[in-house]
Amino acid sequence: MRILLIGSGGREHALAWKMVQSPRLDKLFVAPGNGGTATIAENVALDITDHAAIIAFAKAQGIDFVVIGPDAQVVAGLGDDVRAAGIDCFGPSKAAAQLEGSKGFTKALCDEMGIPTAAYARFSEEVPALAYVRAQGAPIVIKADGLAAGKGVTVAMTLADAEAAVSDCFAGAFGAAGAEVVIEEFLVGEEASLFAICDGERFIILPSAQDHKQAFDGDKGPNTGGMGAYSPAPVMTPEMLERTRREIIEPTVRGMAARGTPFAGVLFAGLMITQDGPKLIEYNARFGDPECQVLMLRLKSDVLDLLLGAAKGDLSGVVPEWRDEAALTVVLATEGYPGSYGKGSEIKGAEGLDSDVLQVFHAATKRDGNKLLANGGRVLNITALGKTVAEAQDRAYAAIAQIDWPEGFRRRDIGWRAVAREKAGTSYKP
Ligand code: AMP
Ligand code: GLY
């Protein structure tokens, strides 16, 4: 089988790393790929916003299967266009990807199906939105409706911050994504990420994970795409997993099918585990980055069973196997991320660290002869297995100590919630 993978992040390197282990794979192309995918597959310099160019390449190369990594391509409906050209594709339809592309769409589905989520109101004008915020008071959460590269959400702890966030949205801070604003109740609890591979009708829930969104230690600083992750997440007890399956995932898959927009692909539920149980914060219609990296390290069986089962509409009989070990990944990012940062600094010592229990997944890297260069914000994902999260954490940070990259930074506390639970003896083996 000849496969074209779309994307260039750590998520895509991890997917590529798993795919090249499949006996079903003959050739893997990654567009545009990164310095890591270049070593295991063939990178292709395609403009991934140009659907016609992707399809033309796929036809010329006899591609059997296209796998879409990033949110923007999923939401833009690349999957529909690839399928219309007669090529199998992992990636939901544009209609189904509204679960990621429109927070208002997801909220309406939650209402219709009784899915637990934060109470909310939607506004397309500033004056009533401000009046609502003043009536509700702080803390309160202000969200641009559309895709805003993870930056469209303000968790406002004061009324002044909330008012400023509303005004910024309507003043165009997030472009068209902020033309409509969703204002939400502030949920208290611990977050978790849960993924379900769906074929439109059936679904398979993957092991739980937890991301670290803030840039700095102690969950301080601005929100990022994710500075590290681990799996399993002990906050997802068997009871919480079962409730999430029953109260959130199952009605979503059923509701999307009933609407005539069945969801086939990976459904990514961002959850808040509250005192009343799991509540949906948001859906994404693609793998999380860096959650995908830890899940791929834990997956023992062939990832193509899952991806092809979803794409072909038949996951029956697919039973993925997972390692018992925990996995943890630490993101190395360029100093300045998620704000402005430079590109092109050299990273030394990141090669040759891979082993049975450790993988360095590349994100924004590129190669220049023998040199490895940073090429963006999130640059490397040092991903390790361990009998415990603490062991995986030790291994990841020991590997990071070998890497010489003065222009980079990382959080030093990835996995802290799970490690604290392990130390207190309140963890369990899911
Ligand atoms: P989102 O882009 O919707 O995932 O939101 C980004 C982050 O904002 C989430 O990961 C949460 O940390 C936080 N957040 C979003 N919605 C809420 C909410 N209703 N209550 C508390 N925190 C929230
Ligand atoms: N790590 C969260 C995301 O991919 O959106």
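Below or above, wherever it landed, is the structure these notes cover.

## A few points about the sheet that holds strand S8 (residues 153–156)
The four strands are arranged S6-S9-S7-S8 in an open sheet whose pairing can be described as antiparallel. The open sheet has two edge strands with one neighbour each: strand S6 (120–123) and S8. Within this sheet the neighbouring strands show an average axis-to-axis angle of 20°, counted without direction. For S6 and strand S9 (residues 181–185), the ladder comprises four bridges, and the chain directions are antiparallel. Bridge pairing in S9 links Phe123 to Val181. This element, helix H6 (residues 103–113), spans S6, strand S7 (140–144), S8 and S9 of the sheet and lies at about 140° to S6. Running over the sheet, helix H7 (residues 126–136) touches S6, S7 and S9 and is turned about 160° from S6.

## Considerations on the sheet that holds strand S21 (residues 365–368)
Picture the strands of a sheet paired through backbone hydrogen bonds; they go either parallel or antiparallel. Strand order in the open sheet made by the three strands is S19-S22-S21, with antiparallel pairing throughout. Looking at strand neighbours, the two that pair on one side only are strand S19 (346–347) and S21, the edges of this open sheet. Bridge analysis of S19 against strand S22 (residues 371–374) gives two bridges, and the strand direction is antiparallel. Across the sheet, residue Ile347 finds its bridge partner in S22, namely Leu372.

## Side note on the pairing of S22
Consecutive side chains along a regular strand alternate between the two faces of the sheet. Two elements, S21 and S22, share four bridges in a ladder whose sense is antiparallel. Bridged to Lys366 within S22 is Leu373. Linking two consecutive strands that pair antiparallel, namely S21 and S22, is a turn of two residues; a positive phi of about 60° is found at Gly369 within it.

## Observations concerning the site of ligand 1
Around ligand 1, the surrounding shell holds 16 residues, and the nearest of these are Glu184, Glu185, Leu187, Glu191 and Glu282. One of the side-chain nitrogen or oxygen atoms of Glu184 is found 2.7 Å away from a nitrogen atom of ligand 1. In this structure, Leu187 approaches ligand 1 through a main-chain N or O atom, which is 2.8 Å from a nitrogen atom. Notes on ligand 1: free accessible area 470 Å², of which the protein chains cover 93%. Residue assignment for the shell around ligand 1 shows that the elements contributing at least two residues are S7, S8, S9 and strand S17 (277–284). Across the shell around ligand 1, the residue classes break down as eight nonpolar, one polar and seven charged.

Parameters and conventions
Each chain has its residues counted from 1, following the order in which its sequence is written. Here the convention is simple: chains get letters from A, ligands get numbers from 1, in the order in which they are written. Residues qualify for local features only when their pLDDT is at least 70, as the model is predicted, and side-chain atom pairs are given and counted only at 80 or more; totals for whole chains, interfaces and linings, by contrast, use all residues. Each side-chain value is worked out from all heavy atoms of the structure, with water and hydrogens disregarded. Strands were regarded as paired on the criterion that DSSP finds at least two bridges between them. In this description a helix means any DSSP run of H or I spanning at least four residues, a strand means any run of E spanning at least two, and both kinds are numbered starting from the N terminus. Only the contacting stretch of a helix is used when fitting its axis, a line to C-alpha atoms as for every element, and angles between N-to-C directions run 0 to 180 degrees. In this analysis, two residues are considered to be in contact whenever any of their non-hydrogen atoms come within 4.5 Å of each other. Residues are labelled near a given molecule or strand when at least one of their non-hydrogen atoms is within 4 Å of it. For this analysis, a polar contact is any N or O atom pair within 3.5 Å, provided that within protein one partner can donate a hydrogen and the other can accept it, and provided that sequence-adjacent residues contribute only side-chain to side-chain pairs. We get accessible surface area from the Shrake-Rupley algorithm with a probe of 1.4 Å; when it comes to residues, only the shown protein chains can shield them. Gly counts as polar in this scheme, as do all residues outside two lists: the nonpolar Ala, Val, Leu, Ile, Met, Phe, Trp, Tyr, Cys and Pro, and the charged Asp, Glu, Lys and Arg.

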